[in-house]
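# Structure assessment
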Amino acid sequence: MRERQDVISERLRLNGRVLAAELALEFGVSEDTVRRDLREMAAAGLCERVYGGALPVSPAHGSLTQRIGIVADRKQALARAAAKQIAAGLTVFFDAGSTNLAIANALPAELELTAATNAPAIAAALLDKPAVSIILIGGMMDRQTGGALGAKALRDMEQISPDLCILGACGVDLEAGITAFSFEDAEFKRFATSRSRKVLAAVTSEKFGTAAPHSILPVAHCECLVVEHDADPAVLAGYRERGCRTIIAEKTN
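What you see is a predicted model; the values in this text were computed from it and never measured.

Parameters at a glance
- Residues numbered from 1 in each chain as written.
- Predicted model: local features only at pLDDT ≥ 70, side-chain atom pairs only at ≥ 80, totals over all residues.
- Heavy atoms only, no water.
- Helix = DSSP H or I, 4+ residues; strand = E, 2+ residues; numbered from the N terminus.
- Buried < 20%, exposed > 50% of the residue type's maximum accessible area, 1.4 Å probe, protein only.
- Polar contact = N/O pair within 3.5 Å; in protein donor to acceptor, adjacent residues only side chain to side chain.
- Contact = heavy atoms within 4.5 Å.
- Phe/Tyr/Trp six-rings, centres within 6.5 Å; stacked < 30°, edge-to-face > 60°.
- Axes fitted to C-alpha atoms, helices over the stretch in contact; angles between N-to-C directions.
- Parallel < 35°, antiparallel > 145°, perpendicular 65-115°, else oblique.
- Left-handed = near helix turned anticlockwise from the far one by under 90°.
- Pairing = 2+ DSSP bridges.
- Nonpolar A, V, L, I, M, F, W, Y, C, P; charged D, E, K, R; others polar.
- UniProt positions renumbered as here; feature names shortened; annotations may be inferred.
- Salt bridge = Lys/Arg side-chain N within 4 Å of Asp/Glu carboxyl O.

## Details of the side chain of T246
Structurally, T246 is set in strand β15 (residues 245–248). In this structure T246 comes out as buried when scored by relative accessible area, which is 15%. A distance of 2.9 Å separates the side chain of T246 from the side chain of R240, its partner in a polar contact. When near neighbours in sequence (up to four residues on either side) are disregarded, T246 contacts L225, L236 and R240.

## Describing the packing of aromatic side chains
The relative placement of two aromatic rings is captured by the distance of their centres and the angle of their planes. Under the definition given, this model contains 2 aromatic pairs. Measuring from centroid to centroid gives 5.5 Å for F208 and Y239, while their planes differ by 75°, and the two rings are edge-to-face. Remark: Y239 occurs in helix α10 (residues 233–241) and F208 occurs in the loop between β12 (198–203) and β13 (214–217); sequence separation between them is 31 residues. For the residue pair F208 and Y239, the accessibility class agrees, reading buried in each case.

## A look at the packing of helix α2 (residues 20–27) against helix α3 (residues 31–43)
The contact between α2 and α3 brings their axes to 8 Å, and the two run at 115°. With respect to each other, α2 and α3 are oriented roughly perpendicular. In this structure, the crossing between α2 and α3 has a hand that is right-handed. Facing A20, A21, L23, A24 and F27 of α2, the residues of α3 in contact are E31, V34, R35 and L38.

## Remarks on the sheet that holds strand β2 (residues 48–50)
If you trace the 3 strands from one edge of the open sheet to the other, you get β1-β3-β2, paired in antiparallel fashion. At either margin of the open sheet sits one strand with a lone partner, and together these are β1 (18–19) and β2. Inspection of the sheet shows β1 paired to strand β3 (residues 53–55) by 2 bridges, in the antiparallel sense. Pairing of V18 across the sheet is with A54, part of β3.

## Quick look at the packing of helix α1 (residues 2–15) against α3
Relative to each other, α1 and α3 sit at 70°, their axes nearing to 10 Å. When the interaxial angle is binned, α1 and α3 end up roughly perpendicular. Contacts between α1 and α3 involve R4, Q5, I8, S9 and L12 on the former and, on the latter, T33, D37, L38, E40 and M41. Residues that form the contact of α1 with α3 fall into these classes: 4 nonpolar, 3 polar and 3 charged.

## Some thoughts on the side chain of T193
The topology assignment puts T193 in helix α9 (residues 183–194). Leave out the neighbours within four places in its chain, and T193 touches C165, L167, V199 and L217.

## Quick notes on the UniProt feature "domain: HTH deoR-type" (unreviewed entry) in the protein
The feature "domain: HTH deoR-type" (unreviewed entry), as given by UniProt, occupies residues 1–56 in the numbering adopted here. End C-alpha atoms of residues 1–56 are separated by 19 Å, and the span's content is 62% helix alongside 14% strand.

## A short note on the pattern of salt bridges
Counted according to the given criterion, the structure contains 13 salt bridges. A salt bridge links R4 to D37; its shortest N-O distance comes to 2.6 Å. Taken together, the positions of R4 in helix α1 and D37 in helix α3 put the pair 33 residues apart, joining distant regions of the chain. On the accessibility criterion, R4 (18% relative accessible area) is buried. By relative accessible area, D37 is classed as buried at 0%. The salt bridge involving E228 is made with R74; its shortest N-O contact spans 2.7 Å. Taken together, the residues E228 in the loop between β14 (224–227) and α10 and R74 in helix α5 (residues 72–83) connect sequence positions 154 residues apart. Residue classification places E228 among the buried positions, given a relative accessible area of 7%. On the basis of relative accessibility, which here comes to 21%, the residue R74 falls in the partly exposed class. Linked by salt bridges that have partners in common, E31, D32 and R35 make up one network.

Rendered as structure tokens:
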């Protein structure tokens, strides 16, 4: 069993998704045996179970404070590209997240819009934008996500119908969709996207082909993905086939 799991871990590292049926043939065991291996690996945090197999675990761990400093220049490039997709006069929901905080900072000072957010750090950044009207969604703060979650946040979100939701994503995969680590965070994100006319997600390259435990929405329901300059064109073609527009950020220096 340990040898099989070591091989599966290596396949995930090299190829991303693994399929239970293919592994069963390779190892000469039943699919039930492989699925048991994958369940044990998922319980140990070594992979994320998806239909038919498994994906690598999303790298988006850590609190908001910790994540802000990780690949900051790449997130700023994504932010500049994403900010260009936000037109004056819109009502925009900014989901909690370090990349979304960078987008808030990247907005032109003169851009007039109404911004709602469940993240105090994003609200504070928007205070420096005099043309932005700010709605702060309240509730119990979640230190990991940096946003308010739970019943109060859901009730507040119910009063808003954004033109655009800037969605935070922990993992993005064609089949698994957009996913999150926290159950309550995923619940809030799903509700926020259901209230919004369009959804945009800005995603660093290492999140593609990975998954977190809780589903938010299929990629076909995400109108726009903002991606890094080195994103694989073949991978992006798959997202466009699902109806998801892709915006490529400029290369960082």
